[in-house]
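Analysis of the macromolecular model
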2 protein chains.
Amino acid sequence: MPRATITDIARQAGVSPTAVSFAFNNPSRLSPSTVERILAVAHNLGYTPNPLSRALVAGHTGMLGVIVPQTMHTIFANPFFATLFQGIGGICDQHNMGMLTLSPREESLEQALARAPVDGFIIVGLNEQHHEILPLRKRGIPFVIVDGDAETAPAVNSDDEQSTYAAAAHLLKQGHREVLILAFETPSRHLDNVFYGVGARRTWGYQRAFAEYGVHWRETWLRPTHGSLEGGAQSFGVAWDEGYRPTAVLAASDIIALGVLRAARQRGIQIPADVELIGYDDIPVAELVCPALSTVHQPIVQKGQLAGELLVAALKGEIHPEQIMLEARLVLRETTR
Amino acid sequence: MPRATITDIARQAGVSPTAVSFAFNNPSRLSPSTVERILAVAHNLGYTPNPLSRALVAGHTGMLGVIVPQTMHTIFANPFFATLFQGIGGICDQHNMGMLTLSPREESLEQALARAPVDGFIIVGLNEQHHEILPLRKRGIPFVIVDGDAETAPAVNSDDEQSTYAAAAHLLKQGHREVLILAFETPSRHLDNVFYGVGARRTWGYQRAFAEYGVHWRETWLRPTHGSLEGGAQSFGVAWDEGYRPTAVLAASDIIALGVLRAARQRGIQIPADVELIGYDDIPVAELVCPALSTVHQPIVQKGQLAGELLVAALKGEIHPEQIMLEARLVLRETTR
DNA sequence: CTCCGCCTGTTAACCCCTTTACTAAAGGCC
DNA sequence: GGCCTTTAGTAAAGGGGTTAACAGGCGGAG
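The following refers to the structure shown. Just so you know, these numbers come straight off a predicted model, no measurement behind them.

Quick look at the relation of the copies chain A and chain B
For the pair chain A and chain B, the relating rotation is 180°, the translation along its axis is 0.0 Å, and the fit reaches an RMSD of 0.0 Å. Here the two chains are linked by the operation of a two-fold rotation axis. Mapped onto chain B, 98% of the interface residues of chain A again fall at the interface, so both copies present the same surface.

Structure, rendered in structure tokens:
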């Protein structure tokens, strides 16, 4: 039995489809008794106007798309995203919107973007100039960039370079000279350049500190790492098992740092005694784990909120593409001495 | 400038709208040169078929709705949901679907359900018989219940009663007689009955243990608590500050238990020395925090996966409404002696 | 007793796209 | 050269709603 349509209700209630539509959207346009009769029939058949048709003519769906170039399985295993979504979700709550999480369909971001029934996007971890993002601009669909380079689109970022510099400088100041850097992989296999978006900015921060402290920058100490606990554990583990013996590790994100923590524990490596460790993000768990993670704090929830607000503003047609830069600061806890 | 439509492309390419449609959905139906020409025009204008119209005629959107009777701000602050979503998201990855997170619109779940452009729902924390869920059934929209009572709909639950019994029994066996129970609030303000769904089952488990150990069940020791860290902290804090002095705490979820941990630390209460604590869920942080949380382990990711798979099966028309019950077991770590 | 305007309800156009005929031209075959 | 089959494209009918424009009935004002 197919779903009831407006016509079915109209027939059963002995009115025109228009009347049914009015009963739902503009009851004052009809006599109370008619409204009541229509609604009764509708309720009886469990009828509700098809949201797709409705959105088609209304021109909007009330849904906000969030797109991250990783699988959802990975995304939701990372508290950074959960926390970011907490911020975005708060704005959705306020505006009665739904939040659609998307990841690349069969490697194609563009497809995912094209099929999403949403009013606008929050794009995390990609630059405005990414070739799969550009079509959105042409289509006139509003979007906000989070953690990515943007010139003309609204965007929210943290002061990555500055803060990773501080993290690296701290370690170098302590005398460390063998420092393993677990950087981000590029977000898409189609990008061969490791220096992309946030990943690039964070790495540059590390590099600048090395340069300033006159420490030779060795490419082998830089490991592109999957942004997951397993990625961090593996990247550190492999380096260690290959015989590298860093005295400190800089991780481009906390989830990677947590992976290092695990891999170190498995190998009987003491942190911070044998190896010092600094992450990035300050996800909520960071201060709860043992030892508490030294990291770079960025206001993740706020980041999500701002992104949500910028998007909502864009949807309303208020065009003031701001590029917001949030402060981030080094927080030393127990994985550093 | 409004978004380009199929007609615009057709006109510019000198063909009919049908041809444009074919160029996208059935290119072999057209001559290669025409397809190329159309696609070129489309690319040029950044045109992509409107997903809403497309879904309207296709009869499906490729989106899966997840609905939880809490604000998104609360949901995403709770690792239980992030972990559940990890499981659901994995299935979405496999089937190229998007995941739409919804929370009640202006207190109305029904509205949220009605406006969501999705093919089916995963409903977390509500019973099949909930008055706002029933319409879905009439409408013939597939849904799967997670953490809720279900008789006819597919559902995934853990063995709540059994496992909370084990948790309570463990504490009572240790001699505790003053036990604070932080139970779930009812999911909706419209429900006056505290004994609802998972919350009820978990509480019954605790109760049964009390009965079996001949310990008087005192209602004042049972506190309905908001399912958040703040909720747990406040509930425990208020009880303590009112002069209650439990020697053990049973929390209906880990996030609540983490709140207890924080509130205890603030008051200088030693856990487990002064108060023993057992949570529920075994969220990933549970074993990372200090002291590591004693809790009831349930396979959260798997729970999400199963729910996703049941829904996908239902969408395909494979109707075998299974009610799956997952095992849960007590895991003693450091918040118990 | 008209005329006007409001109240209710209807008809028809439209939102944007897909898909099922249907047509016309081109190619194959004898 | 005539007939049949492909090939390439089009027109029209939905899919399920909303909304602007319109029509008939009625009460009240003049």
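So, the sheet that holds strand E1 (residues 63-67) of chain A
Sheets are built from strands that pair by backbone hydrogen bonding, the pairs being arranged parallel or antiparallel. A sheet is described by the order of its strands in space; here 12 strands give the open sequence E11(A)-E5(A)-E4(A)-E3(A)-E1(A)-E2(A)-E2(B)-E1(B)-E3(B)-E4(B)-E5(B)-E11(B), paired in mixed fashion. A single partner strand is all that each edge strand has here, and the edge strands are strand E11 (323-326) of chain A together with strand E11 (323-326) of chain B. When strand polarity is set aside, the average angle formed by the axes of neighbouring strands in this sheet is 20°. Summarising the sheet, strand E5 (residues 155-158) of chain B and E11 of chain B pair through 4 bridges and their orientation is parallel. Residue pairing in the sheet places serine 158 of chain B in a bridge with leucine 326 of chain B of E11 of chain B. With respect to the sheet, helix H6 (residues 79-95) of chain B is in contact with strand E1 (63-67), strand E2 (98-102), strand E3 (120-124) and strand E4 (143-146) of chain B, its orientation differing from that of E2 of chain B by roughly 150°.

Topic: the protein's contact with DNA strand C
In the vicinity of DNA strand C there are 25 residues, among which Ser16, Arg29 and Thr34 of chain A together with Ile6 and Tyr47 of chain B approach most closely. A share of 57% is what sugar and phosphate atoms reach among the atoms of DNA strand C within 4 Å of the protein. The contact in question runs from a phosphate oxygen of DNA strand C to an N or O atom on the side chain of serine 16 of chain A, over 2.7 Å. In this structure, a phosphate oxygen belonging to DNA strand C sits 2.8 Å away from a side-chain N or O atom of arginine 54 of chain B.

Details of the protein's contact with DNA strand D
In the vicinity of DNA strand D there are 26 residues, among which Ile6 and Ser21 of chain A together with Ser16, Arg29 and Thr34 of chain B approach most closely. By atom count, sugar and phosphate contribute 55% of the portion of DNA strand D lying within 4 Å of the protein. Here a phosphate oxygen of DNA strand D and a side-chain polar atom of serine 21 of chain A are 2.5 Å apart. Elements that contribute at least two residues to the surface near DNA strand D include exactly helix H2 (17-25) and helix H4 (51-58) of chain A together with helix H2 (17-25) and helix H4 (51-58) of chain B. When grouped by side-chain class, the residues that make up the surface near DNA strand D number 11 nonpolar, 12 polar and 3 charged.

Some points on the packing of H6 of chain B against helix H13 (residues 300-315) of chain B
All names here are of chain B. For the pair H6 and H13, interaxial distance at closest approach is 7 Å and the crossing angle is 40°. The angle between H6 and H13 falls in the class oblique. H6 and H13 meet at a crossing whose hand is right-handed. Between H6 and H13, the contacting residues are Phe80, Thr83, Leu84, Gln86, Gly87, Ile88, Ile91 and His95 on the first element and Ile300, Val301, Lys303, Gly304, Gln305, Gly308, Glu309 and Val312 on the second. Across the contact of H6 with H13, the residue classes break down as 7 nonpolar, 7 polar and 2 charged.

Some details on the packing of H4 of chain A against H4 of chain B
Put simply, H4 of chain A and H4 of chain B touch, their axes get as near as 9 Å, and they point 150° apart. Comparing the axis directions of H4 of chain A and H4 of chain B gives the class roughly antiparallel. In the crossing of H4 of chain A with H4 of chain B, the sense of the turn from one axis to the other is left-handed. Counting all contacts with H4 of chain A, which are made through Leu52, Ser53, Ala55 and Leu56 of chain A, the residues of H4 of chain B involved are Leu52, Ser53, Ala55 and Leu56 of chain B.

Here's the deal with the pattern of salt bridges
What the rule picks out here adds up to 26 salt bridges over all chains. Linking arginine 337 of chain B and glutamate 276 of chain B is a salt bridge whose minimum nitrogen-to-oxygen distance equals 3.4 Å. Residue arginine 337 of chain B is located in the segment after strand E12 (329-331), and its partner glutamate 276 of chain B is located in strand E9 (residues 276-278); the two are separated by 61 residues in the primary sequence. In this structure, a network of salt bridges that share partners links the residues Asp149, Asp160, Arg201, Arg202 and Asp281 of chain A.

Rules of the game
- Residues numbered from 1 in each chain as written.
- Chains lettered and ligands numbered in written order.
- Predicted model: local features only at pLDDT ≥ 70, side-chain atom pairs only at ≥ 80, totals over all residues.
- Heavy atoms only, no water.
- Least-squares fit on C-alpha atoms with pLDDT ≥ 70 in both.
- Contact = heavy atoms within 4.5 Å.
- Pairing = 2+ DSSP bridges.
- Helix = DSSP H or I, 4+ residues; strand = E, 2+ residues; numbered from the N terminus.
- Axes fitted to C-alpha atoms, helices over the stretch in contact; angles between N-to-C directions.
- Near = heavy atom within 4 Å.
- Polar contact = N/O pair within 3.5 Å; in protein donor to acceptor, adjacent residues only side chain to side chain.
- Nonpolar A, V, L, I, M, F, W, Y, C, P; charged D, E, K, R; others polar.
- Parallel < 35°, antiparallel > 145°, perpendicular 65-115°, else oblique.
- Left-handed = near helix turned anticlockwise from the far one by under 90°.
- Salt bridge = Lys/Arg side-chain N within 4 Å of Asp/Glu carboxyl O.

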